[in-house]
Amino acid sequence: MSRLMSVAFTEQAVRERRKTVTRRLGWWEDKRGRRILQPGDRLTLCRKVMGRKPGEPLERICDVEVVSVRREPLLALGMDETYAAHEMEREGFPGMDPVEFIERFFVPQGLSAAMDDVTRIEWRYLTKDAS
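Residues numbered from 1 in each chain as written. Predicted model: local features only at pLDDT ≥ 70, side-chain atom pairs only at ≥ 80, totals over all residues. Heavy atoms only, no water.

1. Side note on the side chain of Lys19
Phase 1 of the analysis: Among the secondary structure elements, Lys19 is positioned in the loop between α1 (11–15) and β2 (21–24).
Phase 2 of the analysis: Beyond its immediate sequence surroundings of up to four residues, Lys19 is in contact with Thr10, Ala13, Val14, Arg90, Glu91, Gly92, Trp123 and Tyr125. (Helix = DSSP H or I, 4+ residues; strand = E, 2+ residues; numbered from the N terminus. Contact = heavy atoms within 4.5 Å.)

2. So, the nonpolar core
Phase 1 of the analysis: Ranked by internal contacts, the top residues of the largest apolar core, which has 15 residues, are Leu43, Leu45 and Ile121.
Phase 2 of the analysis: Among the elements that make up this core, the one with the highest residue count is strand β4 (residues 60–73) (five residues).
Phase 3 of the analysis: With 10 residues, the next largest nonpolar core counts Leu77, Met88, Ile102 and Phe106 among its residues. (Core = buried A, V, L, I, M, F, W, Y, C linked by side-chain atoms within 4.5 Å. Buried < 20%, exposed > 50% of the residue type's maximum accessible area, 1.4 Å probe, protein only.)

3. Here we look at the pairing of β2
Phase 1 of the analysis: Because side chains alternate across β2, one face comprises the buried residues Val21 and Arg23, and the other comprises Thr22 and Arg24, equally buried.
Phase 2 of the analysis: Of the strand pairs in this sheet, β2 and strand β5 (residues 117–125) are connected by four bridges, and their pairing is antiparallel. Within β5, the residue paired with Thr22 across the bridge is Ile121. (Pairing = 2+ DSSP bridges.)

4. What about the environment of Tyr125?
Phase 1 of the analysis: Structurally, Tyr125 is set in strand β5.
Phase 2 of the analysis: Exposure remark for Tyr125: the relative accessible area of 19% places this residue in the buried category.
Phase 3 of the analysis: Residues within four places of Tyr125 in sequence aside, it is in contact with Ala13, Val14, Arg17, Arg18, Lys19, Thr20, Leu45, Cys62, Asp63 and Val64.

5. Focus on the packing of aromatic side chains
Phase 1 of the analysis: Here the structure, examined in full by the defined rule, presents two aromatic pairs.
Phase 2 of the analysis: Judged by centre distance (6.0 Å) and plane angle (55 degrees), the ring pair of Phe93 and Phe101 falls under tilted. Here Phe93 matches Phe101 in class, with each residue buried.
Phase 3 of the analysis: When the ring of Trp123 is compared with that of Tyr125, the centres are 6.5 Å apart and the planes differ by 90 degrees; the resulting orientation is edge-to-face.
Phase 4 of the analysis: For Trp123, a relative accessible area of 3% puts it in the buried group.
Phase 5 of the analysis: If you follow Arg35 out to its NZ or CZ, it ends over the ring of Trp28, 3.9 Å from the centre. (Phe/Tyr/Trp six-rings, centres within 6.5 Å; stacked < 30°, edge-to-face > 60°. Lys NZ or Arg CZ within 6 Å of the ring centre and 35° of its normal.)

6. Points about the side chain of Glu72
Phase 1 of the analysis: Its location among the elements puts Glu72 in strand β4.
Phase 2 of the analysis: A polar contact of 2.9 Å, which involves the side chain of Glu72, links it to the side chain of Arg23.
Phase 3 of the analysis: In terms of polar contacts, Glu72 uses its side chain to reach the side chain of Arg70, at 3.2 Å.
Phase 4 of the analysis: Not counting residues up to four positions away in its chain, the partners in contact with Glu72 are Arg23, Tyr83, Asp116, Asp117, Val118 and Arg120. (Polar contact = N/O pair within 3.5 Å; in protein donor to acceptor, adjacent residues only side chain to side chain.)

7. Things to note about the sheet that holds β4
Phase 1 of the analysis: Here we have five strands laid out as an open sheet, ordered β1-β3-β4-β5-β2, and mixed in their pairing. Only two strands of the sheet have a single partner each, and these edge strands are β1 (3–6) and β2. On average, each strand axis in the sheet is inclined to that of its neighbour by 45 degrees, with strand direction left out of account.
Phase 2 of the analysis: In this structure, β1 lies alongside strand β3 (residues 42–46), joined through four bridges in parallel fashion. Within β3, the position partnered with Ser6 by the bridge is Cys46. (Axes fitted to C-alpha atoms, helices over the stretch in contact; angles between N-to-C directions.)

See below:
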């Protein structure tokens, strides 16, 4: 059974199959130190997973296969303009400044420094539509 992952902020990019990468503060190891994701694992991307109201349905968008999982500092987005532009596009935010990306999505979650590591998850699409 595949794990569920919310893509609320980038739902349209997922539906258009433009998003192939996400960065998360967690998703590296569980409480016992075991890796959460490995290449080859499957994910079901959903509009919203956590925080649904009682009776609110789980809206599955599509299924993907994890291609790569690694830890990297967010600062990596600021060190190479070409890499940053490519990654912003793959994140579903073409043309977004990497500093804006970090301030918008990671600072509110408690990230204290650009040197902090995040989990970079890359995938390929498996199905046309999961719903």
